[in-house]
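Chains, contacts and geometry: an overview
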Amino acid sequence: YVDFANMIVKSIGEFQGMHLRLSDHVKMFNTTSESFESYLSEFEDRNLPIVVSTCEPMHEMVQRNKHRFYLLDEMIVNLFAKEFGELKFRDEVVFGLICNLVLQKAKYFVGTSGSTYTGYIQRMRNINGLEENFDFFDRPTLINTGSYSWNGSTLTNGQKMWWREWPESKLNI
């Protein structure tokens, strides 16, 4: 599965990745069209392909901007159906795993606040020494206060940003 994901990455070359979590997640953190399109504009300035993985590829904001990026699901289905069909396991879970493994290799990455899937991508990017700024579509404000960096999270009701990694989470041996 890692080899298959790496084959996809190799075919794309250097790229930028986005994970756009919508569906039931919008009740917790709603990625607006404005924030999605703002990141698209930033990424377009870098002149690298933009690859998007989303749980709702038919969502209106995705469809309206589809000319600006590649949908990872479509790439796999249209360009790698044969190779995917040769995998021992080929269900929706494996499909999600492959997309996650591909996005981990992006030169730049932005994800969705509160998404565990985004968190897995960012965690592996961090572990593998890739640039990881923990960018999120909603651009949460971070202010360092207290002994730990997560104390600066500005969420309501004393909540902390539990869905992301913090500098203190990386064991430097």
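Small disclaimer: the values here were computed from a predicted structure and weren't measured.

**Comments concerning the packing of helix H1 (residues 2–12) against helix H6 (residues 92–103)**
Packing of H1 against H6 brings their axes to within 9 Å, and their N-to-C directions diverge by 50 degrees. Considering the angle they form, H1 stands oblique to H6. For the element pair H1 and H6, the recorded crossing hand is right-handed. Taking contact as the criterion, the partners of Val-2, Phe-4, Ala-5, Ile-8, Val-9 and Ile-12 in H1 are, on H6, Ile-98, Leu-101 and Val-102.

**Observations regarding the packing of helix H4 (residues 72–79) against H6**
A pair of packed helices is captured by two measures, namely the crossing angle of their axes and the spacing between those axes. The N-to-C vectors of H4 and H6 enclose an angle of 110 degrees; their axes lie 10 Å apart at closest approach. Judged by the inter-axis angle, H4 sits roughly perpendicular to H6. Between H4 and H6 lies a crossing whose hand is right-handed. When H4 is examined against H6, the residues Leu-72, Asp-73, Ile-76 and Val-77 are found in contact with a partner set consisting of Phe-95, Ile-98, Cys-99, Val-102 and Leu-103. By residue class, the composition of the contact of H4 with H6 is eight nonpolar, no polar and one charged.

**Some remarks on helix H2 (residues 33–44)**
Taking 1.5 Å as the rise per residue, H2 with 12 residues should run 16 Å; its terminal C-alpha atoms sit 16 Å apart, in good agreement. The inward-facing, buried residues of H2 abut strand S1 (16–20), strand S2 (50–54), helix H3 (60–65), strand S4 (108–111) and strand S5 (135–136).

**Describing the sheet that holds strand S3 (residues 70–71)**
The five strands are arranged S3-S2-S1-S4-S5 in an open sheet whose pairing can be described as parallel. Two strands in the sheet have a free side with no partner beyond their single neighbour: S3 and S5. Two elements, S4 and S5, share two bridges in a ladder whose sense is parallel. Note that in S5 the partner of Gly-111 across the bridge is Phe-136. Across the face of the sheet, helix H7 (residues 116–127) comes into contact with S1, S2, S4 and S5 while running at roughly 155 degrees to S4.

**Some points on the side chain of Ser-113**
Its location among the elements puts Ser-113 in the loop between S4 and H7. Within the structure, the side chain of Ser-113 is placed 2.5 Å from the side chain of Asp-138, a separation counted as a polar contact.

**Things to note about the side chain of Ser-53**
Examined against the element boundaries, Ser-53 turns out to sit in strand S2. Residue Ser-53 is classed as buried on the basis of its relative accessible area of 5%. Residues in contact with Ser-53, not counting those within four places in the same chain, are Met-18, His-19, Leu-20, Leu-72, Asp-73, Cys-99, Leu-103 and Tyr-117.

**Some thoughts on the packing of aromatic side chains**
Evaluated as defined, the whole model comprises seven aromatic pairs. Where Phe-4 meets Phe-84, the ring centres are 6.1 Å apart and the plane angle is 50 degrees; that geometry is what we call tilted. Here Phe-84 lies in helix H5 (residues 81–85) and Phe-4 lies in helix H1, a separation of 80 residues in the sequence. Note on Phe-4: relative accessible area 6%, which makes it buried.

**A word on H7**
For H7, which comprises 12 residues, the first-to-last C-alpha distance of 16 Å matches the rise-based estimate of 16 Å (1.5 Å per residue) to within 8%. Among all positions of H7, only Thr-118, Gly-119, Ile-121, Gln-122, Arg-125 and Asn-126 are buried. In an axial view of H7, the angular spread of the buried residues amounts to 165 degrees, which keeps them on one side of the axis. Capping the start of H7 is the job of one residue whose side-chain oxygen sits 3.3 Å from the backbone nitrogen of Tyr-117: Ser-115. Where H7 terminates, the next one or two residues include Gly-129, which has phi positive at roughly 75 degrees.

The rules behind these values
- Residues numbered from 1 in each chain as written.
- Predicted model: local features only at pLDDT ≥ 70, side-chain atom pairs only at ≥ 80, totals over all residues.
- Heavy atoms only, no water.
- Axes fitted to C-alpha atoms, helices over the stretch in contact; angles between N-to-C directions.
- Helix = DSSP H or I, 4+ residues; strand = E, 2+ residues; numbered from the N terminus.
- Parallel < 35°, antiparallel > 145°, perpendicular 65-115°, else oblique.
- Left-handed = near helix turned anticlockwise from the far one by under 90°.
- Contact = heavy atoms within 4.5 Å.
- Nonpolar A, V, L, I, M, F, W, Y, C, P; charged D, E, K, R; others polar.
- Expected span 1.5 Å × (residues − 1).
- Pairing = 2+ DSSP bridges.
- Polar contact = N/O pair within 3.5 Å; in protein donor to acceptor, adjacent residues only side chain to side chain.
- Buried < 20%, exposed > 50% of the residue type's maximum accessible area, 1.4 Å probe, protein only.
- Phe/Tyr/Trp six-rings, centres within 6.5 Å; stacked < 30°, edge-to-face > 60°.
- Arc of directions from axis to C-beta.

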